[in-house]
Every structure is written in C-alpha cells, then in structure tokens.
Amino acid sequence: MALAQAIMTSLLDADLSGSELARDFEKSMGLFWQASHQQIYQELRKLADKGWLNKREVNQSGKPNKILYGMTQAGREALAQWVFGPTRIQPTKDELLLKLYNLSDDNAEHLVGEISQRREEVMQRLYLYEAIRRRHYDDPANLPVRHKGVYLALELGIHQGEQTLAWCDQALALLATVSGDSQPAR
C-alpha cells in the first residue's frame, strides 16, 4: 500500500489540515501503516499537484491560516481504481527477528528483555484495539459498508496481536532454558 492511498482514504469523510490528518492517521491507519508528519505533508503536496486533492486556506484568528485538504473527483476515481488493483503482501522487517538469528549465551538475557518489552507493547495495543472495537464496532452486522471494512482490519490486528502474544510466551519459555532462568519473564 502506498502512503498516497492511505492519506486519500483518511480524507474520504472530511477535509482535514495536515496536522489534523497526521493526528487522525496515528489513531487509525497508523496502527498498521507508519508515516512521519514530514512524509504526510510531502505526500499531501504531491497529491494536490496531481489534482487528486484540493486545498483551501482557512483564516484563523490569532494563529497562522491553515490549509484544508479534501478529495477531488479525480482523487476519488484514482482511489477507487487502486482498490481494484492487485494487493501485495509486504515482507516483514523486524529487527528483533534478525537479532534472534544471533542468539548466544551472552545475549540471551538481553533478548528475553526485548521479547518481554514486545509482549508489553502488544498487550497495550490489544487493549487499545479492544477499546475501539467496543466503542465503535460492537454490532458489525449493522455497520455501514465502509465501516465493515474498518472493522475487518481491526479484527485482523486483534488476531495478529493475539498470535504475537502467544509467540512471545513461547519464545520466553524457550529462552528461559538458554539464559538459565527457571521462569519465563513477563
């Protein structure tokens, strides 16, 4: 998935400024697609130059004016066309997995700590996902069509998080035998 499509998807329902988009992006698509504020602003300019987004200046009292970006018809058509294109699975890039290829007696305890930290981060993310699901998606069968798609993406995130937790527990149990610990760290 390209950042352009993620940004345009974020603008389907409302016009947003770059800062509003970056903030909202972190709370939704940012859960599975990472982009810095700088990348978002650069992409907004490119999309506006292509004619896929319009931009309008909004006067603000006591603050600099802000630029709101919104989808154009050409942008909506480009996004719709993209949906029908092939989807590629992106390869995983995870430093922890690379570090595990270098497991030794000397670094096992450190890697146990990293896996424990990963487990904690996944638990926090799952807590957030569950809160989102309870608040907005408690009745998936009666959601509007596009929100059913968001629900399905959320569900995949939950399932992946649960699988990662199970892997962390398995890894911690196995590494307890390497690092000399009798109990896996949690």
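Residues numbered from 1 in each chain as written. Predicted model: local features only at pLDDT ≥ 70, side-chain atom pairs only at ≥ 80, totals over all residues. Heavy atoms only, no water.

Per an unreviewed UniProt entry, the protein chain carries the name PadR family transcriptional regulator and comes from Pseudohalioglobus lutimaris.

### Considerations on the UniProt feature "domain: Transcription regulator PadR N-terminal" (unreviewed entry) in the protein chain
Per the UniProt record, "domain: Transcription regulator PadR N-terminal" (unreviewed entry) is found at residues 12-80. Counting secondary structure, residues 12-80 comes out at 46% helix and 20% strand; the distance between its end C-alpha atoms is 11 Å. (UniProt positions renumbered as here; feature names shortened; annotations may be inferred. Helix = DSSP H or I, 4+ residues; strand = E, 2+ residues; numbered from the N terminus.)

### A few points about the nonpolar core
Counting 19 residues, the largest nonpolar core has Ile7, Leu11, Leu21, Phe25, Ile40, Leu44 and Leu53 as the members making the most contacts within it. Looking at this core, the elements that each hand over two or more residues are helix 1 (3-10), helix 2 (18-27), helix 3 (37-50) and strand 3 (66-71). Here this core takes five residues from helix 1, the largest share from any one element. Once you skip the residues sitting within four places of it in the chain, Leu21 turns out to touch Ile7, Ser10, Leu11, Leu16, Ile40 and Leu44. (Core = buried A, V, L, I, M, F, W, Y, C linked by side-chain atoms within 4.5 Å. Buried < 20%, exposed > 50% of the residue type's maximum accessible area, 1.4 Å probe, protein only. Contact = heavy atoms within 4.5 Å.)

### Points about the environment of Arg134
As for its placement among the helices and strands, Arg134 is situated in helix 6 (residues 108-136). When the C-alpha atoms of Arg134 and Leu16 are compared, they prove to be 26 Å apart, with 118 residues separating the residues in sequence.

### Re the sheet that holds strand 1 (residues 16-17)
What the three strands build is an open sheet, ordered 1-3-2; its pairing is antiparallel. At either end of the open sheet lies a strand with only one pairing partner, and these are strand 1 and strand 2 (53-58). Across two bridges, the pairing between strand 1 and strand 3 is antiparallel. By the bridge assignment, Leu16 is partnered in strand 3 with Tyr69. (Pairing = 2+ DSSP bridges.)

### A few points about the UniProt feature "domain: Transcription regulator PadR C-terminal" (unreviewed entry) in the protein chain
Under the feature "domain: Transcription regulator PadR C-terminal" (unreviewed entry), the UniProt entry names residues 92-175. Counting secondary structure, residues 92-175 comes out at 79% helix and 0% strand; the distance between its end C-alpha atoms is 22 Å.

### Brief notes about the packing of aromatic side chains
Each aromatic ring pair is specified by the distance between its two centres and by the angle formed by the two planes. The tally for this structure, following the rule as stated, stands at one aromatic pair. Aromatic side chains Tyr137 and Tyr151 sit 6.3 Å apart centroid to centroid with 40° between the ring planes, which places their arrangement in the tilted category. Here Tyr151 lies in helix 7 (residues 145-179) and Tyr137 lies in the loop between helix 6 and helix 7, a separation of 14 residues in the sequence. Exposure remark for Tyr137: the relative accessible area of 11% places this residue in the buried category. (Phe/Tyr/Trp six-rings, centres within 6.5 Å; stacked < 30°, edge-to-face > 60°.)

### Notes on the pattern of salt bridges
Across all of its chains, the model carries nine salt bridges by this definition. Here Arg56 ties to Asp15 by a salt bridge, and the two come within 3.5 Å at their closest N and O atoms. One end of the pair, Arg56, is in strand 2; the other, Asp15, is in the loop between helix 1 and strand 1, with 41 residues separating them in the sequence. Judged by its relative accessible area of 44%, Arg56 falls in the partly exposed class. Look at Asp15 and you get partly exposed, because its relative accessible area is 34%. Note that Asp24 and Arg23 form a salt bridge whose closest N and O atoms lie 3.2 Å from each other. (Salt bridge = Lys/Arg side-chain N within 4 Å of Asp/Glu carboxyl O.)

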